[in-house]
Amino acid sequence: LGNSNYTVEARFMTGTLDAGGSYPIVSFQVGRWFGLEGDHLTVVSGDSATTRVNSSTGLTLNDSNWHHVAYVREGNLTNQLKFYLDGEPVGTGRQDLENTNGFDIGYDGFSTQFNGWLDEVRVWNISLSADQIRALYRNQTNIISYNLTGAHGQNWSVDITPHDGFEDGDTL
């Protein structure tokens, strides 16, 4: 992860949460994590309030429903962070999140664990767009957003070989 562009996403359903409790979804090393805190999403990169970046507050996170959550880091020099809940943007901020070692799921690497269920935790080595986050929230993994391939100068192609159940036809 470190100072490169990346995206972290997961699906979660909470257990019983304390109103002011911290619940890490993933951690990058001891004390540096992304998760839930009260009524907002947060990225923590140290012990003080100045090392936290929070999403909008007033989010419904503890309602016994499954939710999709993501945060995107983009800009190798700007340290821009973007938060998403159920496919919609819920805040931005800036923070240096240099990572030197470690990666845990549902644990902050120190003492705090996520209280609930985590599923489909994914780490991407690119900054996904809002459209791509929305498609993943909707489980539309069959959709490839144009900027996933076009922005990186990739050319995707496919060969089709019809088959009638007995033999292959000519490759198209």
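Rules used throughout
Residues numbered from 1 in each chain as written. Predicted model: local features only at pLDDT ≥ 70, side-chain atom pairs only at ≥ 80, totals over all residues. Heavy atoms only, no water. Salt bridge = Lys/Arg side-chain N within 4 Å of Asp/Glu carboxyl O. Helix = DSSP H or I, 4+ residues; strand = E, 2+ residues; numbered from the N terminus. Buried < 20%, exposed > 50% of the residue type's maximum accessible area, 1.4 Å probe, protein only. Phe/Tyr/Trp six-rings, centres within 6.5 Å; stacked < 30°, edge-to-face > 60°. Patch = residues over 30% accessible without salt bridge, like charges linked within 9 Å, V, L, I, M, F, W, Y side chains within 5 Å. Areas by Shrake-Rupley, 256 points an atom, 1.4 Å probe, with all protein chains shown as cover. Polar contact = N/O pair within 3.5 Å; in protein donor to acceptor, adjacent residues only side chain to side chain. Contact = heavy atoms within 4.5 Å. Pairing = 2+ DSSP bridges. Axes fitted to C-alpha atoms, helices over the stretch in contact; angles between N-to-C directions.

(A) Structural view of the pattern of salt bridges. Taken as a whole and assessed by the stated rule, the structure comprises six salt bridges. Taking the shortest distance from any N to any O, the salt bridge between arginine 122 and glutamate 9 comes out at 3.3 Å. Residue arginine 122 is found in strand β10 (residues 116-124), and its partner glutamate 9 is found in strand β1 (residues 6-14); the two are separated by 113 residues along the sequence. The partly exposed category is assigned to arginine 122, whose relative accessible area is 26%. When the shortest N-O distance is used, the salt bridge between glutamate 74 and lysine 82 registers 2.8 Å. For lysine 82, a relative accessible area of 25% puts it in the partly exposed group. If you follow the salt bridges from partner to partner, you end up with Glu9, Arg11, Glu120 and Arg122 in one network.

(B) Fine view of the packing of aromatic side chains. In this structure the tally under the stated criterion is five aromatic pairs. With 6.2 Å between their ring centres and 75 degrees between their planes, phenylalanine 12 and phenylalanine 114 make a pair best called edge-to-face. Here phenylalanine 12 is found in strand β1, whereas its partner phenylalanine 114 is found in the loop between β9 (104-105) and β10, with 102 residues between them in sequence. In this structure phenylalanine 12 comes out as buried when scored by relative accessible area, which is 0%. On the accessibility criterion, phenylalanine 114 (11% relative accessible area) is buried. Here the aromatic residues Tyr6, Phe34, Tyr71 and Phe83 are joined through ring pairs into a cluster of three or more.

(C) Layout of a nonpolar patch on the surface. On the surface, Phe103, Ile105 and Val123 cluster together into a nonpolar patch covering about 260 Å² of accessible area. Structurally, the position occupied by phenylalanine 103 is in the loop between β8 (88-94) and β9. Using a relative accessible area of 36% as the deciding quantity, one classes phenylalanine 103 as partly exposed.

(D) Structural view of the side chain of glutamate 9. Residue glutamate 9 is classed as buried on the basis of its relative accessible area of 2%. At 2.9 Å, the side chain of glutamate 9 and the side chain of tryptophan 124 are in polar contact. For glutamate 9, the contacting residues outside a window of four places in its chain are His68, Val69, Ala70, Glu120, Val121, Arg122, Trp124 and Leu136.

(E) Just helix α1 (residues 130-137), in detail. Among the residues of α1, Gln132, Ile133, Arg134, Ala135 and Leu136 are the ones counted as buried. Residue asparagine 139 follows α1 closely and has a positive phi angle near 60 degrees.

(F) Molecular detail of the sheet that holds β1. Taking strand neighbours across the sheet as the criterion, the five strands line up as β8-β7-β6-β1-β10 in an open arrangement whose pairing is antiparallel. Whereas interior strands pair on both sides, the edge strands pair on one side only; in this sheet they are β8 and β10. Each neighbouring strand pair of the sheet contributes to a mean axis angle of 15 degrees, computed without reference to strand direction. Note that β1 and strand β6 (residues 67-74) share seven bridges and pair antiparallel. Looking at the pairing, threonine 7 lines up with valine 72 of β6. Of the strands in this sheet, β1, β6, β7 (80-85), β8 and β10 are in contact with α1, which crosses β6 at around 155 degrees.

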